[in-house]
Amino acid sequence: NYGPVTKSYNTFNIRELLNSINSSAQYDRVLSKIDNLDKEIKKYQALSELSKYQDDVLLDKHIMPEDKKSSLISERVFISSNINSLKKTRDYYQRIIKQNESFVEQITKLSPVIKHGGERFVLTENDIDGYAVNNLIIKTKIFEIEIELEKENEKLKKVNRELEKQDSLVDVQDIAEQVVSSISNLKQVDEEQIQRIVDKLKSERSDLVKIKKTMTGENAFVPVSNYIVEMTNELGVFDDYVSKTKGPASEKENSIWSGAILNKIVFSYRYAYTKFIYDTCGVKLPFVIDSPGASEMTPDNAKQIVSAAIRFLPTHQIIVSSVYENLLNIKSFNKQILIADKLFSKKKY
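Residues numbered from 1 in each chain as written. Predicted model: local features only at pLDDT ≥ 70, side-chain atom pairs only at ≥ 80, totals over all residues. Heavy atoms only, no water.

Q: Which residues make up the pattern of salt bridges, and what values do they have?
A: Scanning all chains against the criterion turns up 10 salt bridges. Note that E40 is salt-bridged to K43, the shortest N-O span being 3.2 Å. Of the two residues, E40 and K43 are both situated in helix α2 (residues 25-58); the distance of 3 residues between them amounts to about one turn of the helix. Given the relative accessible area of 30%, E40 is considered partly exposed. K43 sits in the partly exposed class, given a relative accessible area of 39%. Note that R90 and D91 form a salt bridge whose closest N and O atoms lie 3.5 Å from each other. When salt bridges that share partners are traced, they join R90, D91 and E146 into one network. (Salt bridge = Lys/Arg side-chain N within 4 Å of Asp/Glu carboxyl O. Helix = DSSP H or I, 4+ residues; strand = E, 2+ residues; numbered from the N terminus. Buried < 20%, exposed > 50% of the residue type's maximum accessible area, 1.4 Å probe, protein only.)

Below, the structure is given as structure tokens:
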């Protein structure tokens, strides 16, 4: 349930899922700072590697002098990097505008009734303080970025034209040699100083991670835990669930169960998170049940699981992949598509 997929860095954390759904501005700021520190750490680690390589380059007797083309290539790299950075910033602001518009649209559609000071009133778009001003500020920033992008693109075109002239005058120099030449002319990087900076950044990151953990509220786990209890009771594995976890098993190893019990409890978890996302976000995620007869599951157990999914997620799309014919006899589907042959077969289904 920690969410490892194939590599240690490729993980999906349940707590981060729940916190992202119930996130506060403060929590988001902490995540943003951690992300920025990660980028800074990678940057200085790259400089450290450059310093090590620089020592080798300076010993090379065949270092080529810097020429005009090398200077133009360096300038092009710098401009391209700046363009990418501006585009990312612009895209970030555009996403914020879309999210704000989506939020206002939801408020307009739902027309929630708010009780404040003993009075009840319908919440409307006009009640969102500062929305129009904030939207205008963001759009202004996007406009300014577009102007900067236009300028940088013109610079890039100019540099590319100059490079084309250089190519017509001189033989093309190997890119690797140009990079080596550039490195050799850099001021020697102090590797010890870089390492001190990296250690400091890592320490700051560690402190922020600790703060993030303290901001992880248990409130989000209450409805999830209730749904797990509901489904484990339905499937007859509630005692196994409680005896091993003493509560929400969001970070327990699945190895504490096995066979049919494991399948039913894992199914309960998936149901709980699917239902929680629907309750909080209004998103009806498709629910896939792949080979419910595997891992010591009998046909009756498989039918029990599929029936529970249909009954407890009546508005969700449920996809079942199985060879058990008894599952075909479940008539609770509002609409059923039975694929009796291959998915892209010419036969009707």
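Next comes the rest of the account.
Q: Let's hear about the packing of aromatic side chains: which residues, and what values?
A: Inspection of the entire model under this criterion finds 4 aromatic pairs. Here the aromatic rings of Y92 and Y93 are separated by 5.6 Å at their centres, their planes lie at 55°, and the arrangement is tilted. Here Y227 and Y271 contribute two aromatic rings whose centre-to-centre distance is 5.9 Å and whose plane-to-plane angle is 75°, an arrangement assigned as edge-to-face. Separated by 44 residues along the polypeptide, Y227 in helix α7 (residues 221-235) and Y271 in helix α9 (residues 259-281) bring together distant segments of the chain. Per residue, the accessibility class of Y227 equals that of Y271, and both read buried. Put simply, the rings of Y227, Y271 and F312 touch in pairs and so form one group of aromatic residues. (Phe/Tyr/Trp six-rings, centres within 6.5 Å; stacked < 30°, edge-to-face > 60°.)

Q: I'd love a proper account of α9, names of residues and values included.
A: Taking 1.5 Å of rise per residue, 23 residues should cover 33 Å, and α9 covers 33 Å from first to last C-alpha, within 8% of that figure. Positioned one or two residues after α9, G282 has a phi angle of 75°, which is positive. (Expected span 1.5 Å × (residues − 1).)

Geometric values such as these leave the question of function open.
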